[in-house]
Amino acid sequence: MSIKNSCWPVLKPALLVLLALLIAAPRPAHGQGPAEPWRTLHTEHFRIHYPAASEAWAQRAASRIEAVRAAVVAEVGYAPPRPADVLIMDPAAQANGSAWAIQAFPRMVLWTSPPGPASVIGHYRDWGELLVVHEDVHLVHLLRPSRNPWQRLSERLVPFGPISHRAPRWLTEGYATYLEGRLTGSGRPHSDLRAVILRRWAQLGELPSYGRVSADSQSWFGMSMAYLVGSAYLEWLVERTGPDSLRQLWARMSARQVRTFEAAFAGVFGDSPAKLYNRFRAELTYRAMSAELATEPHLEAGELWQDLSWSSGAPEISPDGEKLAIVRRSNDGPARLVVWSTLPDTEAEDAWQEARERLLELDAEDVPAVRRKPLPREPLFELIDSHGARPRTPRWLPGSEALLYVRYETDAQGFLHPDLFRWRLDGGQVERLTHGADLREPDPAPDGTWAVAVRQRHGLSQLVRVDLEHGAGEHGDVERGGIEELTAPTVDTVYHRPCVDPSGRRIAYARHRDGAWRLVVRTLEDESQSVGVETVLPAEPSWTTLAYPAWSADGQSIFAAVGEGGHIDIRRFDVATGVSQRVTRSHGATLAPAPTPDGETLFFLRFEADGMDLASLALTAEPVEPPVELAADTAEAERGSSLAPAVRLPPPANVPTFAEQALEPSRPYGTGRLELLPLLSGSIAAEGSRWEAGVRVGDVIGRLDSLALISGGEAFEGGALAVAWRGGKLAPGMPLTLGARLFALEQRPSERAAETGPGRQLDLEQRGLELTALWSRQRRGGVDRLALGAVLAEIEPRFGSATLDQTVGWLQYERRSSQRLGAWRFGQQLDARFDWGRTDGDAWRRFGGRLGATVGRRGGSQLAVSWQRRWAEDAILPFDRLQLGGALDSIQPRAIHGARIGVPALPLGTLLGDDYEGQRFGLRVGGWPVTLFYERHRLWASGQSRGDWLALRGAELRLRRGPMPLLRLPAFELHIGVAEILDEPLRDEWEGWLSLSWSP
């Protein structure tokens, strides 16, 4: 028996074991995909869809959404005629949202996770309200149509209004941010952090130029400047020209007379946007320097302990005071959890001094460089996740030899959940403590057996106590321990950064309720049995930021970052009296206090234009007094010049409130509202040209996708009706995609093949039904997919016998994974496929697999190599054998993929055989999407010597995307390329190709 004939007895049990392992893999406890139960609410202008678990958050947002729409329409001066679909979800456990101003079908996406108080969007009355205002401004603003009849006609083909495709990003995002402030009295325009960023950047001469204000991915906060600087620039423009000027700008941009943005802008404000922006930047710098002069006499920002860049997490001091843990992030590499010694680095100081002395010995007249910053410290320990996951909020466990931290992990559907991990420094082991628990900001008790944490899920927030003693479990619980609720989950309250006091009997945390952040102390254990009693520490009404609470070593006071008047500084609160004293006073912001166990030093982060710096301050009993309050209505305002936006902008006098309206009962989503989109596709390749036309019918969350397509061309005709249903489950938390395809086709590769070429044997007509099932599981750094299908078909060969009956079954497994090492990324791919069938009574089998690997730098060049092997057994008829050549299309069933090795530079059937080997090398240079490739193929008959190689070299662009129901798009693949064929039978020929194919 040959090796190939002996494979099936081995492969069969292996495939069954693989299937069992995939089914038994850890399952997500809380999904958000289309297979989960969704519900729908209807209001006058919105259709609101959400997972059933997000009912409370969705009801709250929906009850105010019509009042928000009315206020936005009144401000913008336009009312869109079509209702919008709103999707409520929480895919990444972060605060975010988006709006899609497509005129035919406007969309809005709302993420339920609220931001913390130290976020740039952390100042809000209600998170859902602020989010709806910002995204609805985008819709109302950008959906305004052109009044030019020719442009109105073009908008039917490219369904975006004139403002959408002409306005720069700083204008669209700045306007939504500007109105979020006007309509809520909160948001970024009235936050301390916007004032800090604008003021500090201006003081350091780092305000972006006009060319960089819309987007600058290379600078810290560069991508946020469209919101922060854009909104401040619009405030300045309105202050100069009056409240109606922005409406006039929108009217000119959508006028019958077609204008560029610059022309429309100059017609309202009198000069180009770039020139006026330079004037705005100069005035902002003046106001920022005025604020610096007023603050300077009372400055107390500590000493720089370590010069950092980009974003850094909060520092954490070990129980013995000798180590400091912090998360360091960068723009071009993975985040790192580092541990430094807090002791003086005498070796580095001695080496630096010796270098200076050697320099002077060589040249006595030389002048050594002035050192204004501490020497960089080498980490004692460092943790970098191989898949690029970012560690967050590290906390020391007792003994100073282990850290508790948070990492966001994917569930099987690809949605992120924060979970707890433990890193043991001595051996470097990392242990996962929870699975799908949605826990963040943990703080362990002094004995290390439990921790308090925030759990946020489906827009609900609560405090919980987590047992850490008994190791890892699944579905959100710690094995044999668990999670105990300290507060009930609620949409009305948001919790931030709980911390346990040194006795383990109390916790302190920041709490958002009734539109304000406050510092709260809660009793966990007490001799008087007053467990659960909350004490809200006194706060001034002007404090809009209150974040990062941390207990002092003696447990008598709490340090916290407090924002007032556009400055964020650290205060010390006496727990017994509630009296607070200012500890720091800075030009920008001081955040994340971390007192040492001896109570003598405070470490904290200092906000600078290139990132967070780590500073330290000797603690004294003397407060930083007198406080200097810099608000927009100081004495400067009396002289006709306000310091805003270099300080915090005061809220408008009449801030609207959004009345809640009664809602109709929600209803099960079902298949949703089915939408139709015309589709055009096709290909131009070596086998000829073909066209495809049809429609996609599906719903907005992607539960149902169906395609009806017809095709015609030089060597191909056909049609298909394909359906994918994503509402089923293999098991709880394991969604299953079921598909069906009715197809009929006629292919005539002989029309493009040589007279004696094997392609003539593949001329046929085929019609039938394919049924498929697909299961996939996302994991950190990769994905596993398992698909199986069956086809019942009739085949009429053009040359040869009459109609043949064919039955095909197939099973395919794919695995993708990737790891990171510094700035380098490494990827691996594995595909395995098995086909079996019967044609005209004759049974046959096909086997195949592919191995691939990639290596490259993030955002840079990438090298990819792959090797592929396939073979067929007992395949007699040509269309059951392996076939080289051909481009993708949308008509044929997936079962054909088992026989075809697609190469669009070659006509279908260029080579025909039973054994195949392929090799490929691809290179992307400098992050460009185009791949330079060299590949070679050989295909030979069973039992014969291996065939000659057929090689190609060229360049291609390949873009694959899964279904995007939000945009009404099914899955598609776009493939563009050109290649030179290096071997017979088509030696020295050049072929180009362009193909676009759809699948549900």
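Residues numbered from 1 in each chain as written. Predicted model: local features only at pLDDT ≥ 70, side-chain atom pairs only at ≥ 80, totals over all residues. Heavy atoms only, no water.

Next up on the list: the overall build of the protein chain. Within the protein chain one finds 13 helices and 49 strands. Compactness check: the protein chain gives a C-alpha radius of gyration of 32 Å against a globular reference of 30 Å for 1000 residues, within 12% of the reference. When the backbone C-alpha atoms are referred to their principal axes, the protein chain occupies close to 100 × 75 × 70 Å. Residues counted as buried form 56% of the 1000 residues belonging to the protein chain. Across the protein chain, every contact between residues at least 6 apart in sequence was considered, and the portion connecting residues at least 24 apart equals 58%. For the protein chain, the accessible area works out to roughly 41,600 Å², and carbon and sulfur atoms hold 53% of it. (Helix = DSSP H or I, 4+ residues; strand = E, 2+ residues; numbered from the N terminus. Rg over C-alpha atoms; globule rule 2.2 N^0.38 Å. Buried < 20%, exposed > 50% of the residue type's maximum accessible area, 1.4 Å probe, protein only. Contact = heavy atoms within 4.5 Å. Areas by Shrake-Rupley, 256 points an atom, 1.4 Å probe, with all protein chains shown as cover.)

Turning our attention to the nonpolar core. The biggest cluster of nonpolar side chains holds 119 residues, and the ones touching the most others in it are W170, L249 and F607. Per-element accounting of this core gives the leading share, 10 residues, to helix α8 (residues 225–241). Core analysis: the next-biggest nonpolar cluster, separate from the first, contains 45 residues, A685, W844, L906 and L911 among them. (Core = buried A, V, L, I, M, F, W, Y, C linked by side-chain atoms within 4.5 Å.)

Applying the stated rule across the entire model yields 66 salt bridges. A salt bridge links D915 to R869; its shortest N-O distance comes to 3.6 Å. Separated by 46 residues along the polypeptide, D915 in strand β45 (residues 915–924) and R869 in strand β41 (residues 862–873) bring together distant segments of the chain. R869 gets classed as buried once you look at its relative accessible area, which sits at 16%. Each of R60, R64, R125, D126, E129, D492 and E660 takes part in a single network of salt bridges with overlapping partners. (Salt bridge = Lys/Arg side-chain N within 4 Å of Asp/Glu carboxyl O.)

Where helix α6 (residues 169–184) meets helix α9 (residues 245–253), the closest approach of the two axes is 13 Å, and the angle between their N-to-C directions is 145°. At the point where α6 passes α9, the crossing takes the left-handed sense. Here α6 contributes L171, Y175 and Y178 to the contact with α9, which in turn contributes L246, L249, W250 and M253. Of the residues contributing to the contact of α6 with α9, the split by class is seven nonpolar, no polar and no charged. (Axes fitted to C-alpha atoms, helices over the stretch in contact; angles between N-to-C directions. Left-handed = near helix turned anticlockwise from the far one by under 90°. Nonpolar A, V, L, I, M, F, W, Y, C, P; charged D, E, K, R; others polar.)

Reading across from one edge, β4-β5-β3-β2-β1-β30 is the order of the six strands in this open sheet, with mixed pairing throughout. For this open sheet the edge positions go to β4 (97–100) and β30 (667–668), each flanked by a neighbour on one side alone. Alignment of strand β1 (residues 38–42) against β30, held across two bridges, turns out to be antiparallel. Bridge pairing in β30 places R39 opposite P668. Here helix α3 (residues 127–142) sits on the sheet in contact with β2 (46–51), β3 (84–89), β4 and β5 (107–111), set at roughly 155° to β5. (Pairing = 2+ DSSP bridges.)

Side chains three or four residues apart in an α-helix point the same way, a direct result of the helix having 3.6 residues per turn. Residues of helix α10 (residues 261–269) that are buried: F261, A264, F265, V268 and F269. Axial view of α10: buried residues confined to an arc of 110°, hence all on one face. The elements touched by buried residues of α10 are α5 (162–166), α6, α8, α9 and α11 (273–295). Of the residues flanking the end of α10, it is G270, one or two places downstream, whose phi is positive at about 90°. (Arc of directions from axis to C-beta.)

A word on the sheet that holds strand β20 (residues 506–513). Spatially, β19-β20-β21-β22 is the arrangement adopted by the four strands of the open sheet, whose pairing is antiparallel. The open sheet has two edge strands with one neighbour each: β19 (494–500) and β22 (534–536). Pairwise comparison of adjacent strand axes, ignoring direction, gives a mean angle of 25° for this sheet.

Glancing now at the packing of helix α2 (residues 55–76) against α3. Helix-helix packing: each pair is described by the crossing angle between the helix axes and the interaxial distance. At their nearest, the axes of α2 and α3 sit 8 Å apart, and the two run at 45° to each other. By the angle between their axes, α2 is oblique relative to α3. Crossing of α2 over α3 shows right-handed handedness. On α3, the residues that touch W57, R64, I65, V68, R69, V72, V73 and V76 of α2 are W127, G128, E129, L131, V132, V133, D136, V137, L139, V140 and H141. When its residues are assigned to classes, the contact of α2 with α3 shows 13 nonpolar, two polar and four charged. (Parallel < 35°, antiparallel > 145°, perpendicular 65-115°, else oblique.)

Quick look at the packing of aromatic side chains now. Using the criterion set out here, one finds 30 aromatic pairs in the structure. Three or more aromatic residues link up through ring pairs in this structure, and these residues are W170, Y210, Y233, W236, F261, F265, F269, Y277 and F280. Across from the ring centre of F716, 4.3 Å away, lies the NZ or CZ of R690, which sits over that ring. (Phe/Tyr/Trp six-rings, centres within 6.5 Å; stacked < 30°, edge-to-face > 60°. Lys NZ or Arg CZ within 6 Å of the ring centre and 35° of its normal.)

Among the surface-exposed residues, E347, D350, E354, E357 and E361 lie close enough to one another that they form a single negatively charged patch. Topologically, E357 is positioned in helix α12 (residues 346–362). (Patch = residues over 30% accessible without salt bridge, like charges linked within 9 Å, V, L, I, M, F, W, Y side chains within 5 Å. Lys, Arg positive; Asp, Glu negative; His and termini not counted. Charge placed at Lys NZ, Arg CZ, Asp CG, Glu CD.)

Interpretation note: all reported values are geometric properties and have no functional meaning in isolation.
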